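Observations on the model geometry
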Amino acid sequence: MSSASSHQRKSISVLVSSTFAFTICFAVWMVFAVLGVPIKAELGLSETQFGLLAAMPVLTGSLVRMPLGIWTDRYGGRVVFFLTMAVAVLPIWLLAYATKYWHFLVLALFVGLVGGSFSVGTPYVARWFERDRQGFAMGVFGAGNSGSALTKFVAPALIVAAGGTWTIVPKVYAVALAITAVLFWVFSATDPSHRKTSSVGFKEQMKVLKDPRVWRYCQYYSVVFGGYVALALWMTQYYIGEYGFDIRVAAFLAACFSLPGGVLRAVGGWVSDRVGAYKTTWWVMWVCWVAFFLLSYPNTEFTIQTVSGPQTFHIALSPTVFTILMFIVGIAMAIGKASVFKFISDDFDDNIGAVSGVVGLAGGMGGFVLPIMFGALMDITGIHSSAFMLLYGTVCVSLIWMHFSFRQNQVGRQGTPDMPGGSAVAADAASS
């Protein structure tokens, strides 16, 4: 077998095994999207307390992304990915024996370690492919976000099968994660040439924070990924509170957002490779802007005086319309998550682990803060759609920042038309 064919076989094996592992990791990371509902009822939690519980795994999953990305550069993705999964098995199992709110919060922090697997798998997978296929490869790997939808299918079914007992879920998930770690180790591979053997330390690698491009990518990713994570955690509870569905129906409908938001990330990688990261991200933001505007409108009843007397009107999104809009948002966010990382692979090939860790951290922190803010806004206003009002504002910020950043670059290049992907960013680097 030639070295080229051997490398191709290994690259496919790495991509498949990593994507499968990330899918299970993401399912575990999002477990409180379903598990939090019976726990909230059992402990009598407020909306804010529920938001904090759901977001706790996202906090640690975000904070560890940067060091994990750096360790991946230094030690290789295979060993770091495996250890990340192995360390989280016991905390997941212990969730079944938690009885107090603080028990769940502490254990959720350790469960969240699996969320850092993204910044391990992204550089690990990308380095097995040529530059013109990296967007697609990272998109396929990122499709593991569909683990969020997997949780919404599996967890309610497990609870029902156990007679309504939620403790079966963390036990099954712990076993599944342990088996996944073993399978990943067997079918993945190591290429020593992918390791960065230089003696550059943490402080030196963190100099990427001085690059304005990194901060922009952090902002974009906090919307497309942070918003995705937050909504994936919040939607089951939203359907129950707004439309009165039971947990099985609510979780199924919530999966209509989570599934395309994960699976179609590969499409986003393919589009970004061909159209460019800039154009792709720009249109993603516009689609989200329109959808969040419609989703923000609360269930409203008002009366006006007409020539024939008072007339009462009722305006509300039906479950069908709401789900369709969420499906569209899921598609847009899936494409946007891939396009942001296409920016990174174009511009930071030599330091992709550190940069992806920083950007992943920003996206994860968005996913941590937003569910808490959703709950707080719900407790303060009593309006379910206040969550979408907040997201509408965040997209407005991204569109304004993106417009003025790249418009300045175009002016600097004497009116050069759309600069997709790396060329736009390269011009930005020159003007910076």
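**Let's talk about the overall build of the protein chain**
- Of regular secondary structure, the protein chain possesses 20 helices and two strands.
- Out of the 432 residues in the protein chain, the part that is buried amounts to 56%.
- Across the protein chain, contacts joining residues at least 24 apart in sequence account for 82% of those joining residues at least 6 apart.
- In the form shown here, the protein chain has an accessible surface area of approximately 17,300 Å², with 68% of it arising from carbon and sulfur atoms.

**Some thoughts on a nonpolar patch on the surface**
- Taken together, the side chains of F20, L90, W93, L94, Y97, V175, I179, V182, L183, V186 and F187 make up a nonpolar region of the molecular surface, amounting to roughly 1,000 Å² of accessible area.
- Among the secondary structure elements, those contributing two or more residues to the nonpolar patch are α5 (77–94) and α10 (168–187).
- In terms of residue count, α10 provides more of the nonpolar patch than any other element does, six residues in total.
- Judged by relative accessible area, which is 54%, V186 ranks as exposed.

**Topic: empty space enclosed by the protein**
- Scanning all chains against the criterion turns up one cavity of 30 Å³ or more.
- E47, W234, Q237, Y238, M378 and H384 are the residues that line the largest cavity.
- Top contributing element to the lining of the largest cavity by residue count: helix α13 (residues 226–243), with three residues.

**A look at the pattern of salt bridges**
- Taken as a whole and assessed by the stated rule, the structure comprises three salt bridges.
- Between K40 and E47 there is a salt bridge whose closest N-O contact spans 2.8 Å.
- Close ionic contact of K342 with D273 constitutes a salt bridge, the shortest N to O distance being 3.1 Å. Taken together, the positions of K342 in helix α17 (residues 319–347) and D273 in helix α15 (residues 265–275) put the pair 69 residues apart, joining distant regions of the chain.

**Some remarks on the layout of surface pockets**
- As a volume, the largest pocket reaches approximately 210 Å³.
- In this structure, the largest pocket is lined by V64, P67, L68, W71, Y75, V80, L83, T84, V87 and L113.
- Where the lining of the largest pocket is concerned, the elements lending two or more residues are α4 (65–75) and α5.
- A class-by-class count of the residues in the lining of the largest pocket yields nine nonpolar, one polar and no charged.

**Re the packing of helix α8 (residues 131–142) against α17**
- Packing of α8 against α17 leaves a shortest axis separation of 10 Å and a crossing angle of 150°. Classified by the interaxial angle, the pair formed by α8 and α17 is roughly antiparallel. Two packed elements cross with a definite hand, and for α8 against α17 that hand is right-handed. Across from R131, Q134, G135 and M138 in α8, the residues of α17 making contact are F341, K342, S345 and D346.
- When its residues are assigned to classes, the contact of α8 with α17 shows two nonpolar, three polar and three charged.

**Details of the pairing of strand β2 (residues 309–315)**
- Across seven bridges, the pairing between strand β1 (residues 300–306) and β2 is antiparallel. Along β2, the bridge assignment pairs T303 with T312.
- Linking two consecutive strands that pair antiparallel, namely β1 and β2, is a turn of two residues.

**A short note on the packing of aromatic side chains**
- On inspection of all chains with the given rule, the structure shows 35 aromatic pairs.
- Each ring, one from F322 and one from F388, has its centre 5.7 Å from the other, and the planes form 75°; the classification is edge-to-face. With F322 in helix α17 and F388 in helix α19 (residues 386–412), this pair connects stretches of sequence that are 66 residues apart.
- Overall, the relative accessible area of 1% leaves F322 in the buried class.
- Among the aromatic side chains, those forming a connected cluster through ring pairs are F22, F26, W29, F118, F141, Y221, F225, Y228 and F257.
- When the ring centre of F50 is taken as origin, the NZ or CZ atom of K40, which lies over that ring, is 5.8 Å away.
- Here the guanidinium or amino end of K337 rests over the ring plane of Y228, the centre of that ring lying 3.4 Å away.

**Quick look at the packing of helix α9 (residues 147–161) against helix α14 (residues 247–263)**
- Between α9 and α14, whose axes approach to 7 Å, the crossing angle comes to 165°. In terms of axis orientation, α9 runs roughly antiparallel to α14. Like other packed secondary-structure pairs, α9 and α14 cross with a definite hand, here left-handed. For the pair α9 and α14, the contacting residues are S148, A149, K152, F153, P156 and V160 in the first and R248, A251, F252, A254, A255, S258 and L259 in the second.

**Regarding α4**
- Every buried residue of α4 is listed here: R65, M66, L68, G69, I70, T72 and D73.
- G76 sits one or two residues past α4 and shows a positive phi near 100°.

**A look at the side chain of S398**
- For S398, the position within the fold is in helix α19.
- The contacts of S398, once residues within four sequence positions are left out, are Q219, Y220, V223 and M285.

**Considerations on the nonpolar core**
- Grouped together as the largest cluster of nonpolar side chains are 127 residues, with contacts concentrated most on L231, F292 and F388.
- By residue number, the principal contributor to this core is α17, which donates eleven residues.
- Other than its neighbours up to four places away in sequence, F292 contacts L231, V329, M333, F388, L391, Y392 and V395.

The rules behind each value
- Think of each chain on its own: its residues are numbered from 1, step by step along the sequence as written.
- Selection of residues for local features in this predicted model requires a pLDDT of at least 70, selection of side-chain atom pairs for listing and counting requires 80 or more, and totals for whole chains, interfaces and linings are taken over all residues.
- To obtain the side-chain values, all non-hydrogen atoms of the structure were used and water was disregarded.
- Put simply, DSSP H or I for four residues or longer makes a helix, DSSP E for two residues or longer makes a strand, and each gets a number counted from the N terminus.
- Throughout, exposure labels follow a simple rule: accessible area from a 1.4 Å probe, protein chains only, divided by the maximum for the residue type, with under 20% read as buried, over 50% as exposed, and the rest as partly exposed.
- What makes two residues a contact is simply this: any of their non-hydrogen atoms within 4.5 Å.
- In these tables, accessible area is a Shrake-Rupley quantity obtained with a 1.4 Å probe, and a residue counts as shielded only by the protein chains included in the view.
- Here the term patch refers to residues with relative accessible area over 30% and no salt bridge, with like charges joined within 9 Å and nonpolar side chains (Val, Leu, Ile, Met, Phe, Trp, Tyr) within 5 Å.
- Salt bridge, as used here, is a side-chain nitrogen of Lys or Arg placed within 4 Å of a carboxyl oxygen of Asp or Glu.
- Of the grid points, spaced at 1 Å and generated over the protein atoms alone, those admitting a 1.4 Å probe that cannot get out make up cavities, while open sets with protein on both sides within 12 Å along at least five of seven lines make up pockets; any residue with an atom within 4 Å of a point is treated as lining.
- Grid points are joined across faces, edges and corners, and a volume is the space filled by probe spheres set on the points.
- All amino acids are sorted into three groups, where Ala, Val, Leu, Ile, Met, Phe, Trp, Tyr, Cys and Pro are nonpolar, Asp, Glu, Lys and Arg are charged, and the leftover types, Gly among them, are polar.
- Whenever a helix is involved, its axis is fitted only over the stretch in contact; in every case the axis is a line through C-alpha atoms, and angles between N-to-C directions fall within 0 to 180 degrees.
- Under this scheme an angle from 65 to 115 degrees is roughly perpendicular, one under 35 degrees roughly parallel, and one over 145 degrees roughly antiparallel; angles in between are oblique.
- In this scheme, a crossing is called left-handed if the near helix is turned counterclockwise away from the far one by less than a right angle; it is called right-handed if the turn is clockwise.
- We call two strands paired when DSSP finds no fewer than two bridges between them.
- The rule is short: rings of Phe, Tyr and Trp, with Trp giving its six-membered ring, pair when the centres are within 6.5 Å, and they are stacked under 30 degrees, edge-to-face over 60, tilted in between.
- Either the NZ atom of lysine or the CZ atom of arginine qualifies as a charge over a ring when it sits within 6 Å of the ring centre and within 35 degrees of the ring normal.
- Nonpolar cores are built from buried Ala, Val, Leu, Ile, Met, Phe, Trp, Tyr and Cys residues. Side-chain atoms within 4.5 Å join them into one set.

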